[in-house]
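Now for the letters of each chain:
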2 protein chains.
Amino acid sequence: MSVIGKSVARPDALDKVTGGKAYPVNFQLPGMLHGKLLRSPYPHAKILSIDTSAAEQLPGVKAVLTHHDVPQRKFTSVYFVPTDTKSLPQDLLIMSDHVRFAGQPVAAVAATSAEIAEQALELIEVDYEDLPAVFDPEEAMQAGAPQLHDGAENNIAVAPVMEFGDIEAGFAGADHIFEGTYTTQRAHTCYLEPRVCVAEYNGNDGYTINSSMQHLFGLREKLAFALEIPESNVRVIKPPYIGGGFGGKLDMSYIEPVAALLSRKSGRPVRMEHTRYEDFITTTRNPIKVYLKTGVKKDGTFTARYASSILDAGAHATHGAEVINVHGFAWLSSYHCENMKWEGKSVYTNNMIGGGYRGYGAPQACFAFESQNDEICETLGLDPIEFRKKNARQLGSAHPLVPGLTIDSYAMEEVLDRGAEAIGLAQRHPPGANGDGTTKRGIGMALFPFWVSGCVGFPDIYEHSGAIVKLNVDGTADVATASVDIGSGQITTLLQIAAEELGLPMAAMRMVDTSDTTTVPFDAPTHASRITYGSGLAIKAAAGEAKKRLLDVAGTMLEASPEDLEVVDGIVRVKGSPDTALTVADVASRAESPFIQFTDQGPAPTTLAEKGTIIGLSSMAPPSNPSPIAAGFVEVEVDTETGEVKVDRVVYSHDLGRVINPKGAEGQVEGGFQQGIGYALMEEIQFDPDSGTCLTGCFLDYKIPTAVEMPTQIESIFVESNEPTGPFGAKSMSEACVVVPAPAIANAIYNATGARLKDLPITPERVLAALGEL
Amino acid sequence: MSVIGKSVARPDALDKVTGGKAYPVNFQLPGMLHGKLLRSPYPHAKILSIDTSAAEQLPGVKAVLTHHDVPQRKFTSVYFVPTDTKSLPQDLLIMSDHVRFAGQPVAAVAATSAEIAEQALELIEVDYEDLPAVFDPEEAMQAGAPQLHDGAENNIAVAPVMEFGDIEAGFAGADHIFEGTYTTQRAHTCYLEPRVCVAEYNGNDGYTINSSMQHLFGLREKLAFALEIPESNVRVIKPPYIGGGFGGKLDMSYIEPVAALLSRKSGRPVRMEHTRYEDFITTTRNPIKVYLKTGVKKDGTFTARYASSILDAGAHATHGAEVINVHGFAWLSSYHCENMKWEGKSVYTNNMIGGGYRGYGAPQACFAFESQNDEICETLGLDPIEFRKKNARQLGSAHPLVPGLTIDSYAMEEVLDRGAEAIGLAQRHPPGANGDGTTKRGIGMALFPFWVSGCVGFPDIYEHSGAIVKLNVDGTADVATASVDIGSGQITTLLQIAAEELGLPMAAMRMVDTSDTTTVPFDAPTHASRITYGSGLAIKAAAGEAKKRLLDVAGTMLEASPEDLEVVDGIVRVKGSPDTALTVADVASRAESPFIQFTDQGPAPTTLAEKGTIIGLSSMAPPSNPSPIAAGFVEVEVDTETGEVKVDRVVYSHDLGRVINPKGAEGQVEGGFQQGIGYALMEEIQFDPDSGTCLTGCFLDYKIPTAVEMPTQIESIFVESNEPTGPFGAKSMSEACVVVPAPAIANAIYNATGARLKDLPITPERVLAALGEL
């Protein structure tokens, strides 16, 4: 390998530091208007009337919309719910006369400046009928609770159930039964760049749109559906990169269809940008309450596993209808057990709508099951590593949910052993036995034993990818894909894959930064840890096609068979005869130039077949569902007087098949732990129950770990199991490091103090309360 | 055929009529500056000094450039001269201290408005040393003439010679020898939209550029070369269409590199747009003086053909170095003769630079040889149709210049017979015998017996093309190509080809309107009548790839072998079983959707291989050099008192293999004759010999035929010979109808008056002079 496995510099590094104009927030069009949304102050209300006449007359206002002006076709904003499905709710409207959460848009204005648009909002008079609201999903399921959506009885959006084996017999055969309830909170991904879009109406029912969304083709699909136009009428321009997403920009928000309709009405491009407050009330990780009941033999072998999960979907299902499934999947597929049953419920409330967030239901699941597993080990005196090795899935196992698929790489034992060794797990003290006075220290761990690259693990989804790889006559290569870099460094990783396949140096590689849905093949979203594996395979395939053509032309030029050639660092050469060589630029020029080349012996031999751009195309589904596996180990210090918890040391061990870019992978882990520690200890979106106002709508009120709260040391261990179906052996990376911190920290707090914390975030108040209960 | 051969409406019709914003002249970027050029009033001068300090201090001025600030690497602006050639001159500089024509740019300003930039130009002080100038190419070749370029002895840029057989023996064996000298003038293509560009410097030596040029990849190549940067540092955005080109926008002009450098210096995008005056002094058909000497047997068979052509290249060779070759080629390949010799000279003068113009050297050649052929027939009493049939090339003949190629379709006899029949050639009167008083009527004709689609006819050029054809989930198709529509209707034609290949209706087809050099494969320029044949073949191939995938997926869905399927009007069906069918949208959705589809029997069978976008790619050289053949027939009325000539009736007969879009083809003919009649009778760019000022720098002074001057009737006869290598049998169309009008009109004037006019344009003054000589 000449490029894979190297910590190459990110091509977008400078722009990332300077906030360069490539970011969607800096995108402008001449004559562009600025749109703003008027949002309901009521969490549940009926709009009796809206008067926009004063707003329309404000100089500079070019278009005003209310629910009267927008299509009333119900949709779901999330891409990976098929628009034609009957089983998952289509319950959103661009604007509606029925308000279901505080902050729901009820009118929109486009004006020549954002300030004028804001002023105009104040001139709109809305007459609301305040309706009774419900904020707790368990209350929402009770008889007599306010009903949010027709057809969703007891406010249940979806209620999936999965069962394997005989759960009753499993519990009957158990030596011990453990029960526990675990709750998780509403958390925001805290991307740096706000959600933003610029939409332009082109006539003939057609729109062009730039957006900070994480998925080009998802936006095309959803926007077309909501606007009731054919998909090809929507052209989505890919931004070079977006300023963070983490799943929070997976779905179409209100701004995209509203900007499109404002553009249509005004005849000018319309830009809409969220304030930070709007971002906070737009997307969050869904809170889930998990009840676990687990039967085990004396030796720790599982005999029965039961889980019941209640998800607060908020006012509309969107991701809440899918997060619940992935959450169940994460629990079901984590550890092997013959007898398993899971019951999930996604419940409507008058809270804000949920969204995607790195891990997508898995953090909530893993917090529950790894907390309980720790309790099982502690109670039964089992070694936590051996307990997990015994119950986890094994290399070669059949996939738990997808018939016919097997686990082809799975270095679970090495992941556990190397991580435990590095943190010193074997040497840790018994609970409460380390430290003195008010300072207690503890070590905890959590395994995230199974995940998938993309949604390939789901039996009804094959998330596919495509790419175009084109060689330029100067020996460089342009790589085009619909895959959006959300800050995860995928531009670098994908270019490394293409470079390795082509035999080019990284300096010769360039990602095409503004392709669009008309030219590049479909790519699934940047989500679900899928890019390196899924998009990587597609880019490798396209690069392989281009290389094939490169070798064909070079073969003619070198009078050699293409099979006898290799490409190394931009040089095409005959294997074993390195002086018989040409640069890739020579070959690409010869192919693309319309001119026959002349040599001292006259015109060089040329065939028609070798003329043309050296270019490769792919569009393909990934063949498998490789299983990364990861374990987190933390050492914490608990101040028993203040309840404060400080994570001092992190060891993270992850089987990712093959490391493409070590520095990039470390960055993923560090960012993941930053989000994971925040989720574990401090982050929570909160609303004033009376006014519906978000109390944590800015970074002064919504606390995330800063450098002060972060551990001084994060050690990443990358285990390379070489996934046979992956690009150069790689499988997925991004999410597991966000999933393991919370249970590892909770388990470390138990080890430090003997107190078992089952509710996130583990605030000082909760620690003190738990310690008081001892 | 369901789409080919139909007069479908142009998708760009509305924009064409309204001058929609898709045209480059309407392209804007936020923060864009406006650039202007200061041009030399001297035709030949040395710049002693330039003082730009006052201009730089004018408020609003953001950048000023002189020859001190630009790379001094010599280049040629024309794409189809390889940048590494030794044999063709690289003699241009972006700016130089040596002025060689009046109007040469000597400084440039970018300012916040075009008005400020103009003002700033007036503040620049240039100290010139006036040098002696030469304007006549024959004088320029004399000893003692001012020398324009180092290394071009006697101002000869290139002097190609080609010889076949034994020219002396051929003349010795002739019964008659005919000699004549024919001159042609400087003519402008008169595109409607001025040359315009917007360049943006992106840092890292990289530029993005929108331009009205006719060739994306040519601009990339030339700009990179002139700026001394790698080609991949230049990203050229394709405009949806440009407002006319006709060859006049084939080459990079000064504005593209100047705008790029002004953007680099100012840090802002820079727009530059030509005034109409600037357009007139930027591009012209090169004047050529042709001496012909032809030996014939009594029966009209050629025994020897000799030609000598002197081309006025102007101050820089650019197209002048290639037009001379194509001109020679047009003469050499027109009629068969065992003994031929041609000597060409392209000569530097202090005139404006030449450019491409529909026909590219052929109008000058055809005017000469078809005038002389008419004289031969008239002198020897030969039938003009039989004379041409005897001497023209034949179906199956070897290509005259390209070894190994044969003429596969060539309906020369039908073209001649049907045209002659329609105009009534056999019934025409003897010279001077039709009409009375001062009104004389005459009929004339000219054959353009050989041409090529693109430059494939040249042994050292294979002009290749590529395309991407992508099916959308709504059953529509996006076609992407680097080929620029210059107003010729190629969007329509190419979409028809793709539609026919895919089995889709035209309404489902869309041309991607702003692709760019990073994503789409190379395509040769929109020139040389090559688009329908060359780009058409590539688009057909890409559509064929997409269709293959479409049928594969449909085969799975319909449980049929792909070979048993056909696609008709958007429906995929089993041949002979039309009820076993799916829409293309069904199949494309199934392939692109990540979701398995469910039927009443459970999940529909799916394989990984069928998942992905249905998309096809091509990049290929055309396999042959098909020979369109065309004849023009005109009837004129000559006023012998005023010398005015009116073309009353036109019959145009053309073997184009297969008509793709009859209305579009007729439009080509009508536009071609408009340009051809103007060339024959009135158009000429003229300069004041003292000041160098262009005297015809606007449409008040440069006369082109209006509705009043155009004939009331233009009859197009399209002969369909079915070119076996062409897309659905098609070959080329655009240029022949510009080539034949001048000789046909001159020959008709002879038939009307007995006067032989050998100098273009045939103005009333020249007619009167010729009549006075009788």
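The structure contained in this document is the topic of the report that follows. These numbers were taken from a predicted model, which means no experiment stands behind them.

Remarks on the nonpolar core
Grouped together as the largest cluster of nonpolar side chains are 365 residues, with contacts concentrated most on A:V636, A:F673, B:V636 and B:F673. For this core, the element with the most residues is helix α10 (residues 362-380) of chain B, which contributes nine residues. Not counting chain neighbours up to four residues away, the residues in contact with A:F673 comprise A:G632, A:V634, A:V650, A:Y652, A:M710, A:I714, A:C737, A:V740 and A:P741. Judged by nonpolar contacts, the second largest core, of 47 residues, contains A:I4, A:V8, A:I491 and A:A588.

Overview of the interface of chain A and chain B
For an interface, size is often stated in terms of accessible area lost upon the parts coming together. At the junction of the two partners, chain A supplies 60 residues and chain B supplies 60 residues. Carbon and sulfur atoms make up 59% of the area that chain A and chain B hide from each other, which totals about 4,800 Å². Its largest share of buried area at the contact with chain B, chain A owes to A:P594, A:F595 and A:L608, together 14% of the area lost on that side. Where chain A packs against chain B, one counts six salt bridges. Notably, a salt bridge pairs A:E592 with B:R220, separated by 3.3 Å at the nearest N-O pair. Run the count over chain A and chain B and you get 29 residue pairs in polar contact (both at pLDDT 80 or more). Those elements that place two or more of their residues in the side of chain A that touches chain B are α6 (216-227), β19 (465-471), β20 (477-480), α15 (584-592) and β27 (615-620) of chain A. Ranked by residues supplied to the side of chain A that touches chain B, first place goes to β27(A) with five residues. Partitioned by chemical class, the residues of the side of chain A that touches chain B number 30 nonpolar, 16 polar and 14 charged.

Regarding the sheet that holds strand β1 (residues 33-39) of chain B
Residue and element names in this part refer to chain B. Taken in spatial order, the seven strands line up as β3-β5-β1-β13-β10-β11-β12 in an open sheet, and their pairing is mixed. Of all strands in the sheet, those bounded by a partner on one side alone are β3 (61-66) and β12 (234-237). Each strand axis lies, on average, 25 degrees off the axis of its neighbour in the sheet, ignoring direction. Here β3 runs beside strand β5 (residues 105-111); their pairing, made up of five bridges, is antiparallel. Bridged to L65 within β5 is A108. Where helix α3 (residues 114-122) meets the sheet, it contacts β1, β3 and β5, and its direction lies at approximately 30 degrees from that of β1.

Some points on the pairing of strand β15 (residues 302-314) of chain A
Residues and elements named next belong to chain A. Burial within β15 is extensive, with 13 of its 13 residues counted as buried. Relative to β15, strand β14 (residues 288-296) runs antiparallel, the two being bridged by nine bridges. Paired with Y291 across the two strands is S308, which belongs to β15. A loop of five residues connects β14 with β15, the two strands running antiparallel in sequence, and G300 in this loop sits at a positive phi of about 95 degrees. Strand direction decides the pairing type here: β15 and strand β16 (residues 340-348), joined by nine bridges, are parallel. Bridge pairing in β16 places I310 opposite K345. Once you follow β15 into helix α9 (residues 320-334) and on to β16, the crossover reads as right-handed.

Digging into the relation of the copies chain A and chain B
The two copies are related by a screw motion: chain A maps onto chain B through a turn of 180 degrees and a shift of 0.0 Å along the axis, at an RMSD of 0.0 Å. As the rotation angle and translation indicate, the two copies are arranged about a two-fold axis. Closest to the rotation axis within chain A is the C-alpha of A:P30, separated from it by 2.7 Å. Taken together, the interface assignments show that 100% of the residues at the interface of chain A recur at the interface of chain B, consistent with an identical surface on both copies.

Structural notes on the side chain of B:R358
Residue and element names in this part refer to chain B. Tracing the backbone shows R358 in the loop between β16 (340-348) and α10. For the buried R358, no salt bridge exists, and the shortest N-O distance to an oppositely charged side chain is 7.0 Å, to E735. Once residues within four sequence positions are removed from consideration, R358 is found in contact with F246, R285, P363, Q668, G671, G672, Q675, S734, E735, C737 and V738.

Reading the values: rules and limits
Residues numbered from 1 in each chain as written. Chains lettered and ligands numbered in written order. Predicted model: local features only at pLDDT ≥ 70, side-chain atom pairs only at ≥ 80, totals over all residues. Heavy atoms only, no water. Core = buried A, V, L, I, M, F, W, Y, C linked by side-chain atoms within 4.5 Å. Buried < 20%, exposed > 50% of the residue type's maximum accessible area, 1.4 Å probe, protein only. Helix = DSSP H or I, 4+ residues; strand = E, 2+ residues; numbered from the N terminus. Contact = heavy atoms within 4.5 Å. Buried area = accessible area lost by both parts, 1.4 Å probe. Salt bridge = Lys/Arg side-chain N within 4 Å of Asp/Glu carboxyl O. Polar contact = N/O pair within 3.5 Å; in protein donor to acceptor, adjacent residues only side chain to side chain. Nonpolar A, V, L, I, M, F, W, Y, C, P; charged D, E, K, R; others polar. Pairing = 2+ DSSP bridges. Axes fitted to C-alpha atoms, helices over the stretch in contact; angles between N-to-C directions. Right-handed = clockwise from strand over helix to strand, strands pointing away. Least-squares fit on C-alpha atoms with pLDDT ≥ 70 in both. Lys, Arg positive; Asp, Glu negative; His and termini not counted.

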